[in-house]
Amino acid sequence: MTANSRCSAAEPPGLETQRREVESLLRECELCAGDSWYVVEHRWFEQWKEFVETGDQNSSSFPGQIDNTELFEDLDSYHVKERLVENEDFVLVPAEAWHKLMVWYGMVVGQPPLERKVVDLPSTLKVEVYPVEIFLCLHSNMDNVTTAQFSRADNIQSIQRAMCQVFSVPPGSECRLWMKSSDSSCERLRNLHVSVLDACLSSGMTVIMETRNADGTWPSSRPQIMRNSGEEPDSYRGQSGVCGLTNLGNTCFMNSALQCLSNTPPLTEYFLQSSYLEELNFTNPLGMKGEIAEAYADVIKQMWSGRHYSVVPRVFKTKVGHFASQFLGYQQHDSQELLSFLLDGLHEDLNRVKNKEYIELRDAEGRPDQEVAEEAWRNHRRRNDSVIVDTFHGLFKSTLVCPECHKVSVTFDPFCYLSVPLPVSKERVMEVFYVSLDPYAKPVQHRVVVPKAGKVSDLCSALSETTGVPPSQMVVADVFNHHFFKIYNSDESLSCILDRDDIFVYELVVQEEQQEEQVLLALYLRERSHYRDYGSGSSSYGTSLFGHPLLLGVPRSSCSQEALYDLFLKRLARYVRRPDPSEELEEEEEDDDEEELYKTQTNGISDDDQQEEAERVDSSQTRLSEDAPANSQSDATANVEPLPELNHTQPPQDHSGQEAANGSGSRTQLLNAADGPSEESLCGTSRTADASESPAEQTPPPPPGESAEEEREEDKQEEACSPSPLTSEQSSKRRACRKRRRSLFIIQAVNSNGTTERGMGEGGSAVSFSSQPYVAIDWDPDMKKRFYNENEAEKYDKHASMEVPQQQTTVQLQECIELFTTVETLEEENPWYCPVCKKHQLATKKLDLWSLPEVLIIHLKRFSYTKFTREKLDSIVDFPLRDLDFSGCLLRKKLSNGEPPSRYDLIAVSNHYGGLRDGHYTSYAKNKDNGQWYYFDDSKVTYAREPQIVTNAAYVLFYHRQDKIRKPTLPPPNTSPASSTPQPANDTITSCKGDSAEPGTSSYVTMETD
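Residues numbered from 1 in each chain as written. Predicted model: local features only at pLDDT ≥ 70, side-chain atom pairs only at ≥ 80, totals over all residues. Heavy atoms only, no water.

> I would appreciate a short explanation of the overall build of the protein in the present structure.
Per the secondary structure count, the protein includes 21 helices and 44 strands. Across the protein, the fraction of contacts at a sequence separation of at least 24, relative to all contacts at a separation of at least 6, is 74%. If you sum the accessible surface of the protein, you get close to 48300 Å²; carbon and sulfur atoms cover 48% of it. (Helix = DSSP H or I, 4+ residues; strand = E, 2+ residues; numbered from the N terminus. Contact = heavy atoms within 4.5 Å. Areas by Shrake-Rupley, 256 points an atom, 1.4 Å probe, with all protein chains shown as cover.)

This is the structure:
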């Protein structure tokens, strides 16, 4: 038999030619990642080499067809044997040599060629003899498992295509793959373009495919969906996009921003059509590996599936917190800050530019604006090309002028949104209580207008115009929880006074030049408890502050106990009744030990309240006079000798000048007075309830007139209750008390918090106020009940200025845009480096709009922060719902034929209600399919009408350019029921599971507040 008859292939060249060509390929071909090499059985290849070396085509060593039978475990599966050794069991030939051998000799029928890829392993290139063998299955049917082999150089997309073919997945279905290892943990295979090797897939692992549900969810992570209790799980069908977002805990800021973006047509259609899948950028170091884009897409597809009342965006919230630590946890945040992060994150995750080139920016240097602008936009698109740039990015011109050399620097910069300032008033309205010198005059509440950057003296001057009292006779104080939180100097800034503070202005006596020096005395009122506090380790009487404190100018010579007592009685005459001559008040004078004990008592303010108030910003007290500094709060309390009958000692009370007393603040409560509509009741300046020390259960001292027998019986009871029995000498000493006239109250020196300080003189001795200008008058509860008129003390009058309604300021959106484009001087913290002067300069800066995007976001800067003040501007910004024309604001007055117009219609608004420290976010948005406006309040969605949209809560506005607006594809919904009775404007659309609904009405969702 000849060689020709034994060869099923074409006529081969000469044996020498065969040997030379194959050996040349084996010698010259180098391993290159991704190339194909073929496995040939070693015995057949050696026989072929012997055949071609003999040079005799009729030799008996003719190898015949390529036969790899010895390399397979069986001829049914053609599974390659394990642990084969190169050059012993097989040889590797490059693809070109293999094809030549196949042409010359052919292959045994039925055997598959053993093609293997060259893979780039760490530090080496190697032919992959054993490819990765993995198990494939669907999430919906985990029992139907098939096996397939893939090279480590194959990408994940090839696995997905193979699975779609094997499991007959309908074309166009959105799929995602999971990698399951032997320990049952699953990991997403996000990047379909990465290789099997880089994805860490190895033999024996399982790849699971899942397809997105019709409601936008994934089978593996179906979120909590809020539904009506009476409906089947998948029976709800509603308008696409009309879907609430559950508040996860202070996440209304996120829900508001998401609802606005969800109703931005070009961005939402981009995600609903799954266009993002082809543009996910997994290698961008500035991005989030596509995770933010995927999480956002999941939320959008669920909201627009029309199958949910409300979606729980928990996965999205977790992803945002993972990549932006400022949004971790459940604190309240700014919706515009989240919006800025989200747009930037989506842009980087979907950036079509995989490798950003370095571009050196050039200054205008006198070139025409059109040329510089086109160059700037071209350079921007070379590094940034995404759906976010296509939809939201515009261009403005920035002009900087050096104040010294007048160098003009012109650049064109892209923007994603416009942050426009609101016109800020330079004046401020304050409400204060004026306390006259007339003891019978009630405090009067005034509303005054003062400069925002003014001082306390300006407040006094404004009040002087309505009261006629000179500003020099006024002292301003912040009253908090029945004591002075701060007494202000006239030169202090008004910015440290908050609107919620209770500010009292006190009139002082006119001081003549020849009169002696006066002490500014702060007077507190305290109530003394009936019982001593033995059980807590303290043997003092508890006291608690009440009523309104006073500021008085007292001559230094009138600081004796008797003089102060009479002065205080006169000053409090409106609500403190003097005893009648028939009401002789006598009391038993306590012994010295007891008197000392009382002088070391505290005012009963709890530790928690003290700590709470200590968090207030300003803890220093104003210096009142040269000899009476208010902030010199020295520790004037010392240890007290224990009473003979007690085993406890009184601990020293440490009250420094930085100590504050009670609780956080709330506005003064107003009660109607009983004696007429013109009078009102001022329920203390307390911002929290009083916190008194709990007195121990101990019998109070006997009242006047108690018999000696009752007194002796009480001594016995007290002796029985005491830890140490009283000796007969001590007992007799306590009963040896002399009768004296009983005072309505006892005067005690205290610190600014109302805590008792030691140092008051005995009897009629003068009181020193050199280190402590605060005193308290302590009332026995019985005496307070008899002689203190609490209702009268709380009354106050309203000045006519309080009746004038405050006008809500309204500004036009156009004014805000004009403010945005006005010339401003850079702040000291942000100077500009002048290339001519070679130093940083406070240059003038002007911004001008050059080109506008398809969707324009306008951020109203309601939150104003300066070095000294923080405030929220509640002005109403009147913004148009249609035909917002920017033609007058654009720097380019003449537009070419191919350039878009500059008219916009409103499509969404993010609202903020509340103040700086707390608040709630909602949103209005126009549905792109039916053109209806909706109000989104977390999980609740209601119909909205156009007149409702413009409010002083509007914070971020979304405008869509008119040439890009698509007409609604659906008719507007019927917002009224079938009956003739019109439905309210805010009819609830969505409802939650468990909400009860009356027949024929919409179910109502409980709003989750922050």
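> I'm lost on the environment of Leu569 in this one. Help?
Counting through the fold element by element, Leu569 comes out in helix 14 (residues 561-571). Taking relative accessible area as the criterion, Leu569 reaches 5% and is therefore assigned buried. Leave out the neighbours within four places in its chain, and Leu569 touches Val576, Arg578, Leu744 and Phe745. (Buried < 20%, exposed > 50% of the residue type's maximum accessible area, 1.4 Å probe, protein only.)

> Help me understand the pairing of strand 20 (residues 503-507) in this model?
Taken across its five residues, strand 20 has five buried, putting it largely inside the fold. The two faces of strand 20 match: Ile503, Val505 and Glu507 on one face and Phe504 and Tyr506 on the other face are all buried. Direction of pairing for strand 18 (residues 474-480) relative to strand 20: antiparallel, over a ladder of five bridges. Bridge pairing links Met474 to Glu507 in strand 20. (Pairing = 2+ DSSP bridges.)

> Just checking my understanding: could you explain the environment of Pro971 for this structure?
Along the chain, Pro971 falls in the segment after strand 44 (954-961). For Pro971, a relative accessible area of 63% gives the class exposed. As for Pro971 and Gln932, which are separated by 39 residues in sequence, their C-alpha atoms are 9.1 Å apart.

> Sorry, what's going on with the packing of helix 6 (residues 252-262) against helix 10 (residues 335-349) here?
For any two helices packed against each other, the geometry comes down to the angle between their axes and how far apart the axes lie. Close contact between helix 6 and helix 10 brings their axes to 8 Å; oriented N to C, the two are set at 55°. By the angle between their directions, the pair helix 6 and helix 10 is classed as oblique. The handedness of the crossing between helix 6 and helix 10 comes out as right-handed. In this structure, helix 6 uses Phe253, Met254, Ala257, Leu258 and Leu261 to contact helix 10, whose residues at the interface are Ser335, Leu338, Leu339, Leu342 and Leu343. Counted by class, the contact of helix 6 with helix 10 contains nine nonpolar, one polar and no charged residues. (Axes fitted to C-alpha atoms, helices over the stretch in contact; angles between N-to-C directions. Parallel < 35°, antiparallel > 145°, perpendicular 65-115°, else oblique. Left-handed = near helix turned anticlockwise from the far one by under 90°. Nonpolar A, V, L, I, M, F, W, Y, C, P; charged D, E, K, R; others polar.)

> Sorry, what's going on with the sheet that holds strand 3 (residues 115-121) here?
In a beta sheet, neighbouring strands pair by backbone hydrogen bonds and run either parallel or antiparallel. With antiparallel pairing, the four strands of this open sheet are ordered in space as 2-1-3-4. With one partner strand each, in any of the chains shown, strand 2 (90-94) and strand 4 (124-127) form the two edges of the open sheet. When the angles between neighbouring strand axes are averaged without regard to direction, this sheet yields 35°. Relative to strand 2, strand 1 (residues 36-41) runs antiparallel, the two sharing five bridges. Residue Val40 lies in a different strand from strand 2, and its bridge partner there is Val91.

> It is not clear to me how the nonpolar core should be interpreted in this structure. Could you clarify?
Nonpolar side chains tend toward joint burial in soluble globular proteins. Core analysis: the biggest nonpolar cluster contains 56 residues, and Leu261, Phe271, Tyr296, Phe316, Phe392 and Phe958 have the highest contact counts within it. Among the elements that take part in this core, helix 8 (residues 291-303) stands out by supplying eight residues, more than any other. (Core = buried A, V, L, I, M, F, W, Y, C linked by side-chain atoms within 4.5 Å.)

> Sorry, what's going on with the packing of helix 6 against helix 8 here?
Put simply, helix 6 and helix 8 touch, their axes get as near as 11 Å, and they point 70° apart. With respect to each other, helix 6 and helix 8 are oriented roughly perpendicular. Contacts between helix 6 and helix 8 involve Leu258, Gln259, Leu261 and Ser262 from the first element and Tyr296, Ile300 and Met303 from the second. Classifying every residue of the contact of helix 6 with helix 8 gives five nonpolar, two polar and no charged.

> Mind showing me how you'd approach the sheet that holds strand 9 (residues 206-211) here?
Pairing is mixed across the open sheet formed by five strands, whose spatial order is 6-5-9-7-8. On the outer flanks of this sheet lie strand 6 (141-150) and strand 8 (186-189), each paired with one strand and no other. Averaged over all neighbouring strand pairs, the angle between strand axes comes to 30°, with direction disregarded. Of the pairings in the sheet, the one linking strand 5 (residues 132-138) to strand 6 comprises six bridges and is antiparallel in character. Each residue of the ladder has a partner; that of Val132, found in strand 6, is Phe150. Packed onto the sheet, helix 5 (residues 156-166) meets strand 5, strand 6, strand 7 (175-180), strand 8 and strand 9 and runs at close to 65° relative to strand 9.

> Could you clarify how one ought to interpret helix 13 (residues 456-467) in this entry?
Owing to its 3.6 residues per turn, the α-helix aligns residues three or four sequence positions apart on the same side. For helix 13, which comprises 12 residues, the first-to-last C-alpha distance of 16 Å matches the rise-based estimate of 16 Å (1.5 Å per residue) to within 8%. All of the buried residues in helix 13 are Val456, Leu459, Cys460, Ala462, Leu463 and Ser464. Lining the buried residues of helix 13 we find strand 16 (427-435), strand 17 (444-451), strand 18 and strand 20. Looking one or two places after helix 13, you find Gly468, whose phi comes out positive at around 80°. (Expected span 1.5 Å × (residues − 1).)

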